[in-house]
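Structural characterization, general
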Amino acid sequence: MTAQKIDGKAYAADLRERITKAVTGLSVQPCLAVVLVGDDPASHVYVKNKIKFTKETGMRSVEHRLPANASQDDVINIVRSLNADDNIDGILVQLPLPKGLDSDSVIAQIDPAKDVDGLTDVSAGRLSLGQTGLRPCTPTGCVMLAKDQLGNLSGKHCVVIGRSILVGKPAALLFLEQNCTVTIAHSRTKNIDSICREADILIAAVGRPNMVKADWIKDGACVIDVGINRISNPERPGKTMLVGDVDYNQAITIAGSVTPVPGGVGPMTIACLLRNTVIAACYRRGMAVPDILNF
Ligand code: GUN
């Protein structure tokens, strides 16, 4: 059997179309503010795409760039001014911050009502309590792709490899919210391969290139690869390439469906950020979230 390649790029494009329709139907134009500190090339590319897609979906985009030697107070003062600005619906501080800056204390300053990354303690608390709120983007994208493949996820066994604040932990809670049976595996887990082999849905979010092999995967499972690892390209000396945490060529021989890297989960993160911006704009004004954004 050969697995289906899950086209995250196409799903994300469809979601952006739905967001555009939702924005057109609103009485306000949501606005996303992005804060970028320093010169990390990957962060610059991510931010450029976030701004481009914010505008393409009909929303307003505000950008604040600070030099790599900006102080903690410089960053916090920008976040506070964005909190106070009623025209701003969402605040995203691009991570990682340059060395010497403490991202936790910057994130702690973000008004939870504008926390479109879903990273504040209030957002994390609301997720764990099962209350409505702004959910982290990448894990939400994973749930969307799994539902698109499998339909109702109730009763499915979801194994999440990784327990990070950004992906692993919230992914486990989001799949629990879908009535999955959830197992979290991590670096100290014993017999990790046999645990993964029990999964109907396998989420790999550890940052170890090609770690998940064919014999970790149950026949027909839905495999979602969150890893983005840059390694040297064995076929082109001196060049690098991006690979996930899943050995894709092995996975497609056994899984039912697999996300590629790139083109799987990656595009979903930005689309979910835009979706959260619309949701934040609605929540802040006591407006209903448009049904078209449901999944
Ligand atoms: N850097 C890489 N991914 C992300 C993300 O989802 N949010 C933020 N704020 N920074 C990132």
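This text gives an overview of the structure that appears in the document. Within every chain, residues take consecutive numbers counted from 1 along the sequence as written. Residues qualify for local features only when their pLDDT is at least 70, as the model is predicted, and side-chain atom pairs are given and counted only at 80 or more; totals for whole chains, interfaces and linings, by contrast, use all residues. Note: side-chain values were computed over all heavy atoms of the structure, leaving out hydrogens and water.

1. Digging into unusual backbone geometry
Cis peptide bonds are those with omega within 30 degrees of zero, and the linkage from Leu-95 to Pro-96 qualifies with 0°. Relative to the helices and strands, Pro-96 is located in the loop between strand E4 (90-93) and helix H4 (103-107). Cis peptide bonds are those with omega within 30 degrees of zero, and the linkage from Val-261 to Pro-262 qualifies with 0°. Assignment of secondary structure puts Pro-262 in the loop between strand E11 (257-258) and helix H10 (266-284). By definition, any uninterrupted DSSP run of H or I lasting at least four residues is a helix, any uninterrupted run of E lasting at least two residues is a strand, and each is numbered from the N terminus.

2. Structural notes on the site of the ligand
Surveying the vicinity of the ligand reveals the residues Leu-92, Val-93, Gln-94, Leu-95, Asp-117 and Thr-269. Within the side chain of Gln-94, an N or O atom sits 3.1 Å from a nitrogen atom of the ligand. In the environment of the ligand, a nitrogen atom lies 2.8 Å from a nitrogen or oxygen atom belonging to the backbone of Leu-95. We call Asp, Glu, Lys and Arg charged. Ala, Val, Leu, Ile, Met, Phe, Trp, Tyr, Cys and Pro are nonpolar, and the rest, Gly among them, are polar. Looking at side-chain class alone, the shell around the ligand contains 3 nonpolar, 2 polar and 1 charged residues. Whether a residue is near a molecule or strand is decided by its heavy atoms; if any one of them lies within 4 Å of it, the residue is near. Between N or O atoms, a polar contact is any pair within 3.5 Å; within protein, one atom must be a potential hydrogen donor and the other a potential acceptor, and residues adjacent in sequence are included only when both atoms are from side chains.

3. So, the side chain of Asp-225
In this fold, Asp-225 is placed in strand E8 (residues 222-225). For the buried Asp-225, which has no salt bridge, the nearest side chain bearing the opposite charge is Lys-213, at an N-O separation of 11 Å. In this view, Asp-225 contacts Ala-204, Gly-244, Asp-245, Val-246, Thr-259, Val-261 and Val-265; residues no more than four positions away in its chain are not counted. Accessibility here uses a 1.4 Å probe with only protein chains present; expressed as a share of the type maximum, an area under 20% marks a residue as buried, one over 50% as exposed, and anything in between as partly exposed. Counted as positive: Lys and Arg. Counted as negative: Asp and Glu. His and the chain ends are not counted at all. One side-chain nitrogen of Lys or Arg within 4 Å of one carboxyl oxygen of Asp or Glu is enough to make a salt bridge. Whether two residues are in contact is decided by their heavy atoms, any of which lying within 4.5 Å being enough.

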